[in-house]
Amino acid sequence: MKKLYILSLVLSFTVCFAQTNLKKADALFRNYSYTDASKAYEEILQNIKNPSAQTLKNAADSYYFISDSRNALKWYRKLYTVQGNNLTDIYYLRYIQSMKAVMDYEEANRVTKEYLDKKGDKNEINRYVAQKKQMDSLAKTKSLYEIKDLDINTSKSDFGATFFQDKVVFTSARDTTKFSEKLYTWNNQPFLNLYVSERNAADGSLFNERMFLPNVMTKYHEATATFDASGKTIYYSTNIVKKNKLVIDETKTNNFQIIKGSIVDNKLENPQKVFFNSDDYSVGHPSLSEDGQWLFFASDMPGGYGETDLYYVKIAADGTMSSPVNLGPKINTLGNDLFPFFRNGKLYFSSDGHYGWGDLDVYESIFLEDGTFSEPKNLGAPINSNKDDFAFIIDKSGRFGYFSSNREGGKGDDDIYSFTKGTPVCNQTISGMAIDRKTRLPLTDVTIMGYNSFSDVLGETKTNFEGKYALVVPCGKTVKMIAAKPNYSSDDKTVETTMENEGEIPDVNFELSNYDDLVVKKKGVEKVDVKPIYFDYDKYDITPLAIEELTKVVFIMQKFPNIRIKIESHTDSRGKDAYNLKLSDNRAKSTRDYIIAQNIDPSRIESAIGYGESRLINKCKNGVKCTEEEHLLNRRSDFIIIQK
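One structure accompanies this document, and this report is about it. Being a predicted model, the structure only gives us computed values, none of them experimental.

## What to know about the side chain of Asp361
For step 1, the next point in the chain: Along the chain, Asp361 turns up in strand S19 (residues 361-366).
For step 2, the next point in the chain: Despite its burial, Asp361 remains without a salt bridge, the nearest opposite charge being carried by Lys100 at 7.1 Å.
For step 3, the next point in the chain: Separated by 2.6 Å, the side chain of Asp361 and the backbone nitrogen of Trp357 make a polar contact.
For step 4, the next point in the chain: When neighbours within four sequence positions are excluded, Asp361 is seen to be in contact with Phe349, Ser350, Ser351, Gly356, Asn378, Asn384, Ser385, Lys387 and Asp389.

## A word on the nonpolar core
Within soluble globular proteins, side chains that are nonpolar generally end up buried alongside one another.
For step 1, the next point in the chain: Counting 37 residues, the largest nonpolar core has Tyr41, Trp75, Tyr76, Leu87, Tyr95 and Met99 as its most contacted members.
For step 2, the next point in the chain: For this core, the leading source of residues is helix H5 (residues 89-101), giving seven residues.
For step 3, the next point in the chain: Once residues within four sequence positions are removed from consideration, Tyr95 is found in contact with Leu73, Tyr76, Arg77, Tyr80, Leu87 and Val111.

## Quick notes on the packing of helix H2 (residues 34-44) against helix H3 (residues 53-64)
For step 1, the next point in the chain: Between H2 and H3, whose axes approach to 8 Å, the crossing angle comes to 135 degrees. One element, H2, and the other, H3, form an angle in the oblique class. Regarding H2 and H3, the two cross each other, and that crossing is left-handed. Together, Tyr34, Ala37, Ser38, Tyr41 and Glu42 of H2 and Thr55, Asn58, Ala59, Ser62 and Tyr63 of H3 make up the contact between the two elements.

## Overview of the sheet that holds strand S6 (residues 206-211)
For step 1, the next point in the chain: Pairing within the open sheet is antiparallel, and its four strands lie in the order S3-S4-S5-S6. With partners counted over all chains shown, the strands left at the sheet margins are strand S3 (158-164) and S6, one partner each. Strand-to-strand twist across the sheet, computed as the mean angle between neighbouring axes with direction ignored, equals 30 degrees.
For step 2, the next point in the chain: Where strand S5 (residues 193-199) lies against S6, four bridges are found, and the strand directions are antiparallel. Looking at the pairing, Glu198 lines up with Phe207 of S6.

## Structural notes on helix H7 (residues 122-139)
For step 1, the next point in the chain: For H7, built from 18 residues, the straight-helix expectation of 26 Å at 1.5 Å per residue is met to within 8% by its first-to-last C-alpha distance of 26 Å.
For step 2, the next point in the chain: By the burial criterion, the buried members of H7 are Glu124, Arg127, Tyr128, Gln131, Gln134 and Met135. Down the axis of H7, the sector holding all buried residues measures 140 degrees, keeping them to one side. Away from its buried face by more than 90 degrees, H7 exposes Lys122 and Lys133.
For step 3, the next point in the chain: Taken together, the buried residues of H7 touch helix H6 (105-119) and strand S20 (377-378).
For step 4, the next point in the chain: N-capping of H7 is provided by Asp121, with a side-chain oxygen placed 3.0 Å from the backbone N of Asn123.

## Considerations on the side chain of Asp337
For step 1, the next point in the chain: Take Asp337: it is sitting in strand S17 (residues 337-343).
For step 2, the next point in the chain: Despite being buried, Asp337 has no salt bridge partner; Arg127 is the closest side chain of opposite charge, sitting 7.2 Å away.
For step 3, the next point in the chain: In terms of polar contacts, Asp337 uses its side chain to reach the backbone amide nitrogen of Thr333, at 2.8 Å.
For step 4, the next point in the chain: Excluding its chain neighbours within four sequence positions, the residues that come into contact with Asp337 are Ala298, Thr308, Asp309, Leu310, Ile331, Asn332, Phe349, Ser350, Ser351 and His354.

## Re unusual backbone geometry
For step 1, the next point in the chain: Of note, the amide linkage connecting Ala381 to Pro382 takes the cis form, showing an omega dihedral of 5 degrees.
For step 2, the next point in the chain: A positive phi angle is found at Asn344, which is not glycine, with a value near 55 degrees.
For step 3, the next point in the chain: Along the polypeptide, Asn344 turns up in the loop between S17 and strand S18 (346-351).
For step 4, the next point in the chain: For Asn344, a relative accessible area of 45% translates into the label partly exposed.
For step 5, the next point in the chain: The phi torsion at Asn487 lies on the positive side, around 70 degrees, for a residue other than glycine.
For step 6, the next point in the chain: Relative to the helices and strands, Asn487 is located in the loop between strand S28 (478-484) and strand S29 (491-496).

## Re the sheet that holds S18
For step 1, the next point in the chain: Here four strands make up an open sheet; going across it, the order is S17-S18-S19-S20 and the pairing antiparallel. What marks the edges here is a single partner per strand, and that holds for S17 and S20.
For step 2, the next point in the chain: Inspection of the sheet shows S17 paired to S18 by five bridges, in the antiparallel sense. Note on S18: the bridge partner recorded for Leu338 is Ser350.

## Some remarks on the pattern of salt bridges
For step 1, the next point in the chain: In total, this model carries 29 salt bridges according to the counting rule given.
For step 2, the next point in the chain: Glu502 is the partner of Lys377 in a salt bridge, and the nearest nitrogen-oxygen pair spans 2.8 Å. Of this pair, Lys377 sits in strand S20 while Glu502 sits in the loop between S29 and strand S30 (504-505), placing them 125 residues apart in sequence.
For step 3, the next point in the chain: The class of Glu502 is exposed, set by a relative accessible area of 56%.
For step 4, the next point in the chain: Through salt bridges with shared partners, a single network forms among Asp516, Lys521, Glu526 and Lys644.

## Considering the state of the cysteines
For step 1, the next point in the chain: Enumeration according to the criterion identifies two disulfides in this entry.
For step 2, the next point in the chain: Linked covalently through their sulfurs, Cys426 and Cys475 form a disulfide whose S-S length is 2.0 Å. An S-S torsion of about -80 degrees defines the bridge between Cys426 and Cys475 as left-handed. Of the two residues, Cys426 sits in the loop between strand S23 (415-421) and strand S24 (427-436) while Cys475 sits in the loop between strand S27 (468-474) and S28, which places them 49 residues apart along the sequence.
For step 3, the next point in the chain: Between the sulfur of Cys620 and that of Cys626 lies a disulfide, 2.1 Å long from S to S.

## Focus on H3
Because the α-helix completes a turn every 3.6 residues, residues three or four places apart line up on one side.
For step 1, the next point in the chain: Spanning twelve residues, H3 covers 16 Å between terminal C-alpha atoms, matching the ideal 16 Å at 1.5 Å per step.
For step 2, the next point in the chain: Burial runs high along H3: ten of the twelve residues are buried.
For step 3, the next point in the chain: Of all the positions in H3, only Thr55, Leu56, Lys57, Asn58, Ala59, Ala60, Asp61, Ser62, Tyr63 and Tyr64 are classed as buried.
For step 4, the next point in the chain: Buried residues along H3 sit against helix H1 (22-30), H2, helix H4 (69-83) and H5.

Conventions adopted
Residues numbered from 1 in each chain as written. Predicted model: local features only at pLDDT ≥ 70, side-chain atom pairs only at ≥ 80, totals over all residues. Heavy atoms only, no water. Helix = DSSP H or I, 4+ residues; strand = E, 2+ residues; numbered from the N terminus. Buried < 20%, exposed > 50% of the residue type's maximum accessible area, 1.4 Å probe, protein only. Lys, Arg positive; Asp, Glu negative; His and termini not counted. Salt bridge = Lys/Arg side-chain N within 4 Å of Asp/Glu carboxyl O. Polar contact = N/O pair within 3.5 Å; in protein donor to acceptor, adjacent residues only side chain to side chain. Contact = heavy atoms within 4.5 Å. Core = buried A, V, L, I, M, F, W, Y, C linked by side-chain atoms within 4.5 Å. Axes fitted to C-alpha atoms, helices over the stretch in contact; angles between N-to-C directions. Parallel < 35°, antiparallel > 145°, perpendicular 65-115°, else oblique. Left-handed = near helix turned anticlockwise from the far one by under 90°. Pairing = 2+ DSSP bridges. Expected span 1.5 Å × (residues − 1). Arc of directions from axis to C-beta. Disulfide = S-S within 2.5 Å.

Dropping the structure here:
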């Protein structure tokens, strides 16, 4: 598909030389005779020890433009050895794309990172990271697409299918009988024409193809058409011709233009040039939105972001068109962005400038409420390959369509493939972070589990070094989220997912307590870390101050469900021994009853016993004068951990 990258017709003439030298090879290259130039450079470079950077560029480009990626890579790699980080953006792109075309993905990613680091553009780096992450995710997921190479394809170039009523119109170079002229010397194929075929709705196959609108098919290019909903209005790409002659510039290049016309009885009537056509640059690959109010197209007009950019114009009810609007750097790249198709609020297009599988890949971008488009997403295999994949269209139901590719295994240069698309699985992402409840610092390696209402596991992940996580779960579910980490309390949340596919529910955060922060250890005994449990004088009713401390006991038992305790209550030495024994026992059992009332299983409390003044921890026994603070130390309740 390199021949359509520039959307122009290069007029070239076969030049034959009995003996080849560098000047003659350069002449072939300047004449766009890439097939002959590649052979010439291959012969010459065997005898040149230190070729110039320009010679290496020409040799590599000669192969690149005839889609011989293996040989192109050989010379781009030598160019890279010579120039290193001095490679220009476009040669970095061609070098990387050539590596991907032969599936040297690891090396391509290394050079991409090197290039982006050198360039220092944070937006480009972020885009690469996001698109690489999305592609890695696609590679692990079963594709929704099933594809089939069509019998209608020939050994020549067949591509660019588009819906026309209940038929399909496509572009082909199959007609070899009408004209003897050849297009590019690099591919020796005839000029392109539009064809129409019947469509078998059962299997997507095309048949009974014939020339479309024969009254306007010229001896030059007619390609890539689009139609309004009624099928009565057509826009298509064609060469700029005046008085039956090609209009060419000083580089011997003839640019493309878009023609609009009406279809009446299988004939084109009232053909008109769109106002933004120009002799100085190309516009092509037109694509109408379903309502006919937007016309998308590709162009290399000045002011773009790369070699070929995507644009749109708005079309009023009376047919008036707005000025062309560039879709911006989110869509367009320094490379080629082509073949737009807008359906059901989504823009599909092909690009070799985004970070895909190699050469042109098909991307999808959603039209947002604010009038912009979302970050493009790669459609993945089998739609995309390491070769050119382009001209993607899909029907209103989103279940079937067509695309074109020059991948290995096809019948010709470019082939048309049909596809069926299965029902996408609706998933959402729940994201957030986990922190230490005491220090407020992020916790790494916290296991995050998602369960449905039947306690079936919906997903599992772990927090990263920043304490962050993202868990993919099904749409329309009640999801119980549980966060757990060894030696930490667990935490749980309940989340209701919506039906927004690929939506995100952020800020579902968890707080976990370290077990060691909740207990005190003394002489090999672990106790829940609480302040003294206060009761009113001569009473054992639970007071608000007591509840505050007992809440800590309930918390650790809830968060560590394997913990079992025993409760021991003590008094100071004041008062009668028998009375203190009974009072402390009542207080122990009162605290036990409160804990059980908070939905703690009674079996997790082994005992609740009062010991009165029999286990003093200081000198303050009967008859010894002590301060109130010293007596207070003996009035205590211990929650001793006997199992964890």
